[in-house]
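Here is how the chains run, residue by residue.
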Amino acid sequence: MRVMRSKRAPSKGARRGGAPAATHVAIIGAGRGGTALMEIFATDPLVTIVGVAEINPKAPGVELARRLKIPVTRDYRELLAMERVDLIIDVTGNAEVEQVLQDFHRMGVTVIGGASAKFMWQLIEARILATAEIEKTLNKYQSLYRLYVKEAGAAVTEERARIACEIHDGLVQNLAGVNFKLDLCQELIGKDPKACQATLLETKAQLRIAIQEARQVILNLRPVRYDKLELIPALTNYLKSYETQYRIKTEFSMSGNETTLFPKTKIFLFRIVQEALSNVQKHAKADRVAVQLAIGRNALTTTITDNGVGFDVHAVTRDPEKWDHFGLRAILERAHLVGGKGRIESKKGRGTRVVIEVPLVKKEAARNGTN
């Protein structure tokens, strides 16, 4: 159908003061085409939909028109008779309606139908779908950002509590012991010089332990140095310290090149391993734990396996308190924040295995670990 244009009355072209007047639009058809037109025109301040014609009461656009408080009629001729209408759009594809509109002429009224109207609403529908997809993607990343902020805040609190415990249970206790032995030396220095000397040697040994623990606290504060961002040395040092402190045998194996990882990925991965090993020490009653790191071309896989008592994964996942208490939620959320996923495998009496998989996108390798 051709697009019929007619001369527009000067009074409809503009409002006083030069502001453009709203275009009054009538839509014939409330199927996909009419629905798309209503959705886009309803939010346009320069367009007013004065009526919709549709003979099918179950057409998708009928309910939309009612929600938008747009008058609906079964007879499209009522739209042609309206006094205030500037544009009539026919999206029915009906030959009879098309013929009537071809013969319709009125000063100031434009009619669009046939292939032109179909092309118009298809473009609008494509725009609506694209906008919806953009909003969906935006909502996804907003959710991830909120999760990141929540996790970052929780991580800071957890780290403060953990470091406080480390200082109190280790460093402070040793320094208190050193202070006690120095007081003892002060008493023995005149009475029993040999006993005093022996106590001084014990004090020096205890002081060395205190210095080592202080260094470990500092290491745990910045395990992955931001100047070099070396993940493998950081994990190696941490596992050695973990083995010494908790008397749990550790094994570490890795393959691949860590320079292909983003700094954020390295830091989050270290925290995941740290959280998993903390769980082993607190809950697993294990005497051996293995950490495997495999960096491939397309994915990074980390596996932490212990020989502890294990647990019923299904039962724990249904208990939010246990799920949080065991630190499992923190592990999976950290994996999610770097675009990966995690899973927990365990059975009572058979130990536990934590598997973290993170896809490595091309830009991650190309930027050589910087962002």
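The written sequence of each chain sets the order in which its residues are numbered from 1. Note on the predicted model: pLDDT of at least 70 is required for a residue's local features to be given, and 80 or more for side-chain atom pairs to be given and counted; whole-chain, interface and lining totals, by contrast, use all residues. Heavy atoms from the whole structure form the basis of all side-chain values; hydrogens and water molecules are not counted.

## Looking at a nonpolar patch on the surface
- A cluster of nonpolar side chains, namely Leu175, Leu207 and Ile211, defines an oily patch on the protein surface of about 240 Å² accessible area.
- Tracing the backbone through its elements, the reader meets Ile211 in helix α6 (residues 193-221). Exposure above 30% relative accessible area and the absence of a salt bridge qualify a residue for a patch, where like charges join within 9 Å and nonpolar side chains (Val, Leu, Ile, Met, Phe, Trp, Tyr) within 5 Å. Here the Shrake-Rupley method, with its probe set to 1.4 Å, supplies the accessible areas, and only the displayed protein chains count as covering residues. Whenever Lys or Arg places a side-chain nitrogen within 4 Å of a carboxyl oxygen from Asp or Glu, that contact is recorded as a salt bridge. Only DSSP runs of H or I covering at least 4 residues are called helices, and only runs of E covering at least 2 are called strands; the numbering of each starts at the N terminus.

## Let's talk about the pairing of strand β1 (residues 23-28)
- Each residue's exposure class comes from its accessible area (1.4 Å probe, protein chains only) as a fraction of the maximum for that residue type: buried when under 20%, exposed when over 50%, partly exposed otherwise. Burial analysis of β1 places five of its six residues in the buried class, which makes it a mostly covered element.
- Where β1 meets strand β2 (residues 47-53), six bridges bridge the pair, whose relative direction is parallel. By the bridge assignment, His24 is partnered in β2 with Thr48.
- Following DSSP output, two strands are said to pair if at least two bridges run between them. Here four bridges tie β1 to strand β4 (residues 87-90), and the two strands are oriented parallel to one another. Bridged to Ile27 within β4 is Ile89.

## A look at the sheet that holds strand β5 (residues 110-112)
- Taken in spatial order, the five strands of this open sheet run β3-β2-β1-β4-β5, and their pairing is parallel. At either margin of the open sheet sits one strand with a lone partner, and together these are β3 (72-73) and β5.
- Whether two residues are in contact is decided by their heavy atoms, any of which lying within 4.5 Å being enough. To define axes, lines are fitted to C-alpha atoms, for helices over the stretch in contact only, and angles between the resulting N-to-C directions are given on a 0 to 180 degree scale. Here helix α4 (residues 95-102) sits on the sheet and contacts β1, β4 and β5; the angle it forms with β4, its principal contact strand, is near 155°.

## Here we look at helix α2 (residues 60-67)
- Along α2, the residues that are buried comprise Gly61, Val62, Leu64 and Ala65. In a view along the axis of α2, the buried residues occupy a sector of 165°, so they form one face of it. Turned more than 90 degrees off the buried face of α2, the exposed positions are Pro60, Arg66 and Arg67.
- In this fold, the buried residues of α2 make contact with α1 (32-41) and β3.
- Just past α2, the residue Lys69 takes up positive phi, approximately 60°. By definition, the arc is the one covered by directions from the helix axis to the C-beta atoms.

## Observations concerning the sheet that holds strand β7 (residues 288-295)
- Spatially, the five strands line up as an open sheet ordered β6-β7-β8-β10-β9, and their pairing is mixed. In this open sheet, the two edge strands, each paired with only one partner strand, are β6 (249-255) and β9 (341-346). The sheet shows a mean angle of 10° between the axes of neighbouring strands, direction not considered.
- Here β9 pairs with strand β10 (residues 352-359) via six bridges, running antiparallel. Counterpart to Gly342 in the pairing with β10 is Ile356.
- Across the sheet, helix α7 (residues 231-246) touches β6 and β7, and the angle it forms with β6 is around 170°.
- In the packing of helix α11 (residues 328-337) onto the sheet, contacts are made with β9 and β10, and the angle to β9 comes to roughly 150°.

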